[in-house]
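If you want the building blocks of each chain, they are given just below.
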Amino acid sequence: MLKENFNDLMSFIEVARERSFTRAAAKLGVSQSALSHAIRGLEERLQLRLLTRTTRSVAPTEAGEKLLASLSPRFADLENELVALSEMRERPAGNIRLNAAEHSMQSVLWPVLKTFVVDYPDINVEISVDNALTDIVSGQFDAGIRLGEQVAKDMVAVRVGPELTMSVIGSPAYFAKHGYPATPQDLQQHNCINMRLPTRGGLYAWEFEKDGRELKIRVDGQLTFNSLRQRIDAALQGLGLAFVPSDTVCDELAEARLIRVLEAWCKPFPGYYLYYPSRKQHTTAFSLLVDALRYSS
């Protein structure tokens, strides 16, 4: 029975994880009709309904949830064993899936990957750029990159970047028209460019510190973005003040296209860390990438 069900069980896992026949078929490289036929055949042989289908959604039944919970770790173990066998080849090989936010991708991940993929042509790296605090376990990522303060304590964390600072920036034209804020509280009188938080949908409160005193200032303005580049571009256009990682505007500050204010209130904080589950079984490919990303001050 296992022989005839093996491929269909793999198909079921993908549909149950993706909650979609369309996405699962794309990942498996089969047609939706073939995938649907395979699931129906599996359900008929087991005499159990594993998936609840509507015109808008697909979800595992109670029996389906139980089967998924049982199968997923076993298939993962098989995959890890096959990966371990593949590492007996002369050249390191394998697939790595990473999750990273927009800024960490540009500042610490991409500069390393540009060389890494050339040095190891048989290692494939997939990156999901996402500013939300994604659960890398449920998302089936090998690792993620976050600020040190955001990494859960049950994860292994490897430092991959230096300390960071934020900058309040604006164009010379903006300051000529509106003046300079002397304190963080003065920002409430300025047109500020807000950032929409991806996880809960709220607006980010700008964070400051001086002489041990911490402040969070909620600002107002005409523009709100959930991306970094647009906030910088809007500031360059004189449309308001933005609060961005300092390393992203080095050239603009050096060329005086932007001016930094409230610098004394913007203290360094822990930078980015690569993190992954402590129970993760390392592959050679993954260990090589960790070593390549590891930051030493």
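Structure: see above.
Residues numbered from 1 in each chain as written. Predicted model: local features only at pLDDT ≥ 70, side-chain atom pairs only at ≥ 80, totals over all residues. Heavy atoms only, no water.

(A) Representation of the overall build of the protein in the model. Helices and strands together make up the secondary structure of the protein, namely nine helices and 14 strands. Referenced to the eigenvectors of the C-alpha coordinate spread, the extents of the protein come out at roughly 75 × 50 × 35 Å. Split into buried and exposed, the 297 residues of the protein put 40% on the buried side. For the protein, long-range pairs separated by at least 24 residues make up 72% of all intrachain contacts whose partners lie at least 6 apart in sequence. When the accessible surface of the protein is split by element, carbon and sulfur atoms take 50% of a total near 17000 Å². Averaging the positions of the 34 positive and the 36 negative side-chain charges in the protein gives two centres separated by 5 Å. (Helix = DSSP H or I, 4+ residues; strand = E, 2+ residues; numbered from the N terminus. Buried < 20%, exposed > 50% of the residue type's maximum accessible area, 1.4 Å probe, protein only. Contact = heavy atoms within 4.5 Å. Areas by Shrake-Rupley, 256 points an atom, 1.4 Å probe, with all protein chains shown as cover. Lys, Arg positive; Asp, Glu negative; His and termini not counted. Charge placed at Lys NZ, Arg CZ, Asp CG, Glu CD.)

(B) A look at the sheet that holds strand S7 (residues 166-170). What the three strands build is an open sheet, ordered S12-S7-S13; its pairing is antiparallel. Because the sheet does not close on itself, it has two edges, and the strands there are strand S12 (242-245) and strand S13 (259-261). In this sheet, adjacent strand axes meet at a mean angle of 50° when their direction is disregarded. Pairing between S7 and S12: four bridges, direction antiparallel. Along S12, the bridge assignment pairs Ser167 with Val244. Packing of helix H7 (residues 228-236) onto the sheet brings it into contact with S7 and S12, and relative to S12 it is tilted by some 130°. (Pairing = 2+ DSSP bridges. Axes fitted to C-alpha atoms, helices over the stretch in contact; angles between N-to-C directions.)

(C) Just the side chain of Ser104, in detail. Tracing the sequence through the fold places Ser104 in helix H5 (residues 102-119). Ser104 sits in the buried class, given a relative accessible area of 0%. Polar side-chain contacts of Ser104 include one of 3.0 Å to the backbone oxygen of Ala101. Once residues within four sequence positions are removed from consideration, Ser104 is found in contact with Leu109, Ile145 and Tyr272. (Polar contact = N/O pair within 3.5 Å; in protein donor to acceptor, adjacent residues only side chain to side chain.)

(D) Looking closely at a negative patch on the surface. On the surface, Glu149, Glu207, Glu209 and Glu214 cluster together into a negatively charged patch. If you trace the backbone, Glu207 turns up in strand S9 (residues 206-210). In this structure Glu207 comes out as partly exposed when scored by relative accessible area, which is 38%. (Patch = residues over 30% accessible without salt bridge, like charges linked within 9 Å, V, L, I, M, F, W, Y side chains within 5 Å. Salt bridge = Lys/Arg side-chain N within 4 Å of Asp/Glu carboxyl O.)

(E) Quick look at the side chain of Ser11. When you line up the elements, Ser11 lands in helix H1 (residues 2-18). In this structure Ser11 comes out as buried when scored by relative accessible area, which is 12%. Each residue touching Ser11, except ones within four places of it in the same chain, is listed here: Leu28, Leu35 and Ile39.

(F) Here's a closer look at the packing of aromatic side chains. Taken as a whole, this structure holds seven aromatic pairs when the rule is applied. An angle of 50° between the planes, with centres 5.0 Å apart, marks the rings of Phe116 and Tyr120 as tilted. Since its relative accessible area comes to 3%, Phe116 is described here as buried. The class of Tyr120 is partly exposed, set by a relative accessible area of 25%. (Phe/Tyr/Trp six-rings, centres within 6.5 Å; stacked < 30°, edge-to-face > 60°.)

(G) Structural context of helix H9 (residues 284-293). Regarding H9, the residues found buried are Ala285, Phe286, Leu289, Val290 and Leu293. Buried positions in H9, seen along its axis, are confined to an arc of 135° and lie on one side of it. On its buried face, H9 sits against strand S3 (94-100), H5, strand S4 (123-129), strand S5 (143-147), strand S6 (155-159) and strand S14 (272-277). (Arc of directions from axis to C-beta.)

(H) Quick peek at the environment of Gly202. When you line up the elements, Gly202 lands in the loop between strand S8 (194-195) and S9. Under the relative-accessibility criterion, Gly202 is labelled partly exposed at 29%. Contact partners of Gly202, with chain neighbours within four places excluded, come to Met195, Arg196 and Leu197.

(I) Geometry of the packing of helix H2 (residues 21-28) against helix H3 (residues 32-46). Where H2 meets H3, the closest approach of the two axes is 9 Å, and the angle between their N-to-C directions is 105°. Between H2 and H3, the interaxial angle falls into the category roughly perpendicular. Facing H2, whose interface residues are Phe21, Thr22, Ala24, Ala25 and Leu28, H3 presents Gln32, Leu35, Ser36 and Ile39. For the contact of H2 with H3, a count of residues per class yields six nonpolar, three polar and no charged. (Parallel < 35°, antiparallel > 145°, perpendicular 65-115°, else oblique. Nonpolar A, V, L, I, M, F, W, Y, C, P; charged D, E, K, R; others polar.)

(J) Summary view of the nonpolar core. If you look at the biggest cluster of nonpolar residues, it comprises 23 residues, and the most contacted ones within it are Leu109, Ile145 and Leu274. The set of elements that each furnish at least two residues to this core consists of S3, H5, S5, S14 and H9. The contact partners of Leu109, leaving out residues within four places of it in the chain, are Leu98, Ala100, Ser104, Ile127, Ile145 and Leu293. Core analysis: the second largest hydrophobic core is formed by 18 residues, Phe175, Tyr204, Val219 and Leu241 among them. (Core = buried A, V, L, I, M, F, W, Y, C linked by side-chain atoms within 4.5 Å.)

(K) View of the pairing of strand S10 (residues 213-217). Note: S9 against S10, five bridges, orientation antiparallel. Across the sheet, Trp206 pairs through a bridge with Ile217, a residue of S10. Hairpin connection from S9 to S10: two residues lie between these consecutive antiparallel strands, with Asp211 at a positive phi of about 55°.

(L) Up close: the environment of Ile193. Locating Ile193 in the fold gives a position in the loop between helix H6 (172-178) and S8. Distance from Ile193 to Asp77, taken between C-alpha atoms, is 47 Å for residues 116 residues apart in sequence.

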